[in-house]
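# A look at the structure
Residues per chain are reported as follows:
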Amino acid sequence: MAIRILPTEVANQIAAGEVVERPASVVKELVENALDAGARHVIVEIDGGGRRMMRVADDGSGIPADEVELAFHRYATSKLASVHDLDGIRTLGFRGEALASIASVSRVTLVTRAVGETVGTRLWLDGGELHQREPVGAPQGTVITVENLFYNVPARLKFLKKDSTERGHISALVSRYAMAYPDVRFTLSHGKQTMLRTTGSGALKDVLVEVYGLEAASQMVAVESSTAEPSRPDLPPVHVSGFVSLPSLNRSNRSHITLFVNGRWVQDSSLTYAVVQAYHTMLMVGRYPVAVLMVDVPPHDVDVNVHPTKAEVRFRHPNAVFSAIQRAVRRTLVEQAPPPAVRTEVMWGSPEWAARRERLSQVTQERMQQMGIGLEMQGTGQHPQQRPQEGEADEPRPARKRALPMLRVIGQVGATYVVAEGPAGLYLVDQHAAHERVLYEQFMAQQAEADVARQELLEAAVVELPPEQIVLVEENLETLNEVGFRVELFGRRSVQVRAVPALVAGEDPAAALMAAIGEIECGQMPTEATAEERLIARVCKRAAIKAGQVLSFSEMEALIRQLEACEQPQNCPHGRPTMLHLSAEQLAKEFGRLGAI
Ligand code: ADP
Ligand code: MG
């Protein structure tokens, strides 16, 4: 075949593939155009998941009568004159591709009246070809109706998902823009049903209530970076504002982290990670916050011309942006997070919990000492002072090696602690910490017996990860393998989990892997061995019975028996105490019985 230049319609259709992937992409371009035109009110109507019809109406500046046809030409734009303008772009559009692309794969009707003109224009296009044009009376602004999307591109049509799925994408998209532009009134309706309506009050919080509901919105706090001043004179000022969820409001994936850069919605895994990082230790591994953040940087510090959909941007100083986001969110959380409601399962990582744990372990250490003495006297008849000095040579610490005496289970308190009686008094056992210890020792024992027990998955699980974590997995494949995972890199953005440690066999493999990665991530350059130990500890933490879980009597007994068999029953693998002990002597003292008899 001879070389020839493709007819414009064909070229446009091909190019449309880049801009128009699905109905939501059309809505995105049309809404962006409305915002660029200075609209105060944007009305989006859709039908049949957008495939049958999408209409975006605005009260913006409108298109002058003598430019309407031009607007549908490829590379026709009023927002850019020279390549230098790219350096300081302030509009959402600038490529002049959207209308041409959309029109080439659908039937478009445009009604517009420009500011200052008395008569409007109506235009019909079919597959990108102008069919008819007529003057019409119309309010100022623009209404674009797109029907029968992809009617002439059957290949694309095939890839569209169910109407409800496409509708979901559109709704998510309009919600995002409504959040980024709280001073613009947005309405989204599907057939007769209104899916979203915002007031344009200018308050993001009002939009959050519409989008996420009152309950969720009430758990979100405002973020405002204190100053737009750069941290170093050679870095650009980065301003961060918006709302983030308190740790009590969290989701199982990152898709509720919404970021705008200079008013443009971007999908950037690194910035998303900056938000996640700010919650470090506040959220359980595998849980993610809800966030809506506006990042503002000087336009010349960001390149928006990376991709036709403009969803990716490139920063001149990505680290400055990353840390500005991370700091702003972290500070907000530390300042504003009120003590979480008593919901033990989400409190593990919270600072509040950490503080409680600290206090608890102090008290416990004293108690433990007392217990050590008590046991000592009872066991060997030795006086505590005669105990061999600890830390001498490389003797293992004798007090810790001592197995637990036989305990009699009495019951459970708060679905969290097992109460037991021993020869030396009362024991309060933290069921989660205790089970962690049990699993940990079992695991370590298995480990010692060469190959760790792993569970091959019937179907390999594909887990999508941000690039930083992919790198982590890549670097730690061996460690992951040693603890029982079998993980392979799978494409650029995901890994495939083929086997998981037998201990977490019942669990979601993705969650187990995330837990392990989280542990690797938190490690401050640990040695191979400690990294592995910590990794095992983390995995055990996930697998262990939780606080708040009601246990049957026989389950409690089994747990206590297993704990008795442990080498170090007094601490969980993270160093937290598994039990509190009140010696008979101490009980007597507390009740004023000592010496009173
Ligand atoms: P871009 O937005 O990149 O400039 P488009 O193809 O989306 O390219 O739009 C082409 C031109 O049509 C825009 O530059 C603008 O001048 C005009 N236009 C499109 N939609 C609207 C609208 N809703 N209101 C006013 N002008 C519009
Ligand atoms: Mg545009």
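Nothing here was measured: the structure is a model prediction, and the numbers come from that model.

### Comments concerning the sheet that holds strand β10 (residues 239-245)
As summarised here, the arrangement of the 5 strands in space is β9-β10-β15-β12-β13, forming an open sheet in which the pairing is mixed. Of all the strands in the sheet, the pair left with one neighbour each is β9 (220-224) and β13 (264-266). Strand-to-strand twist across the sheet, computed as the mean angle between neighbouring axes with direction ignored, equals 20°. Of the pairings in the sheet, the one linking strand β12 (residues 257-261) to strand β15 (residues 291-296) comprises 5 bridges and is parallel in character. Opposite L259, over in β15, you have L293 as the bridge partner. Against the sheet, helix α5 (residues 163-180) engages β12, β13 and β15, with an angle of about 55° to β12. Contacts from helix α8 (residues 269-278) reach β12 and β15 within the one sheet, and its direction differs from that of β12 by about 125°.

### Some words on the pattern of salt bridges
The final tally for this structure, using the stated rule, is 18 salt bridges. A salt bridge links K79 to D36, with the nearest nitrogen and oxygen atoms 2.8 Å apart. With a gap of 43 residues between them, K79 in the loop between β2 (53-58) and α3 (98-104) and D36 in helix α2 (residues 23-36) connect regions that are remote in the sequence. The partner of R107 in a salt bridge is D126, and the shortest N-O contact between them spans 3.1 Å. A residue pair is termed long-range when its members are at least 10 positions apart, and R107 in strand β3 (residues 107-113) and D126 in strand β4 (residues 120-126) qualify at 19 residues.

### Examining the nonpolar core
With 63 residues, the main nonpolar core has V244, L293, I325, F485 and L513 as its most contacted residues. The contact partners of L293, leaving out residues within four places of it in the chain, are V223, V240, S241, G242, F243, V244, T258, L259, F260, V275, I325 and V329. By size, the runner-up hydrophobic cluster in this structure holds 61 residues, among which are V27, F72, L196 and M220.

### Overview of the side chain of H432
Among the secondary structure elements, H432 is positioned in helix α13 (residues 431-448). From its side chain, H432 meets the backbone oxygen of I545 in a polar contact 2.8 Å long.

### Comments concerning the packing of α5 against helix α6 (residues 204-212)
Remark: α5 packs on α6, axes separated minimally by 9 Å, with the N-to-C direction vectors making an angle of 165°. Classified by the angle their axes make, α5 and α6 are roughly antiparallel. Judged by the sense of rotation from one axis to the other, the crossing of α5 with α6 is left-handed. Here S175, A178 and M179 of α5 lie close against α6, whose contacting residues are L204, V207, L208, V211 and Y212. Tallied by class, residues from the contact of α5 with α6 come to 7 nonpolar, 1 polar and no charged.

### Focus: the site of ligand 1
Neighbouring ligand 1 are 19 residues, the closest being N33, T77, S78, K79 and G96. Side-chain polar atom of N33 to an oxygen atom of ligand 1: 2.8 Å apart, as the coordinates give it. Between ligand 1 and R95, the relevant distance is 3.1 Å, taken from an oxygen atom to a main-chain nitrogen or oxygen of the residue. About the coverage of ligand 1: the protein hides 93% of its 530 Å² of free accessible area. Those elements that provide at least two residues to the shell around ligand 1 are α2 and α3. Across the shell around ligand 1, the residue classes tally to 8 nonpolar, 7 polar and 4 charged.

### Comments concerning the sheet that holds β3
Strand order in the open sheet formed by 8 strands is β5-β4-β3-β6-β2-β1-β7-β8, and the pairing between neighbours is mixed. Each edge of the open sheet carries a strand with a single partner, namely β5 (129-136) and β8 (193-197). Adjacent strand axes in the sheet meet at a mean angle of 10° when their direction is disregarded.

### A word on the packing of aromatic side chains
Within a pair of aromatic rings, the relevant descriptors are the distance that separates the centres and the angle that separates the planes. Following the criterion strictly, the structure yields 2 aromatic pairs and no others. Ring centres of Y177 and Y181 lie 6.5 Å apart, and the angle between their planes is 10°; on these two criteria the pair is classed as stacked. Ring geometry for Y273 versus F322: centroids 6.3 Å apart, planes at 45°, classification tilted. Taken together, the residues span a long stretch of sequence, with Y273 in helix α8 and F322 in helix α9 (residues 318-336) at a distance of 49 residues. The buried category is assigned to Y273, whose relative accessible area is 12%.

### Examining the environment of K28
Within the element layout of this structure, K28 appears in helix α2. Residue classification places K28 among the buried residues on the basis of a relative accessible area of 7%. Between the alpha carbons of K28 and V56 there is a distance of 9.9 Å; along the sequence they are 28 residues apart.

Calculation rules
- Residues numbered from 1 in each chain as written.
- Chains lettered and ligands numbered in written order.
- Predicted model: local features only at pLDDT ≥ 70, side-chain atom pairs only at ≥ 80, totals over all residues.
- Heavy atoms only, no water.
- Pairing = 2+ DSSP bridges.
- Helix = DSSP H or I, 4+ residues; strand = E, 2+ residues; numbered from the N terminus.
- Axes fitted to C-alpha atoms, helices over the stretch in contact; angles between N-to-C directions.
- Contact = heavy atoms within 4.5 Å.
- Salt bridge = Lys/Arg side-chain N within 4 Å of Asp/Glu carboxyl O.
- Core = buried A, V, L, I, M, F, W, Y, C linked by side-chain atoms within 4.5 Å.
- Buried < 20%, exposed > 50% of the residue type's maximum accessible area, 1.4 Å probe, protein only.
- Polar contact = N/O pair within 3.5 Å; in protein donor to acceptor, adjacent residues only side chain to side chain.
- Parallel < 35°, antiparallel > 145°, perpendicular 65-115°, else oblique.
- Left-handed = near helix turned anticlockwise from the far one by under 90°.
- Nonpolar A, V, L, I, M, F, W, Y, C, P; charged D, E, K, R; others polar.
- Near = heavy atom within 4 Å.
- Areas by Shrake-Rupley, 256 points an atom, 1.4 Å probe, with all protein chains shown as cover.
- Phe/Tyr/Trp six-rings, centres within 6.5 Å; stacked < 30°, edge-to-face > 60°.

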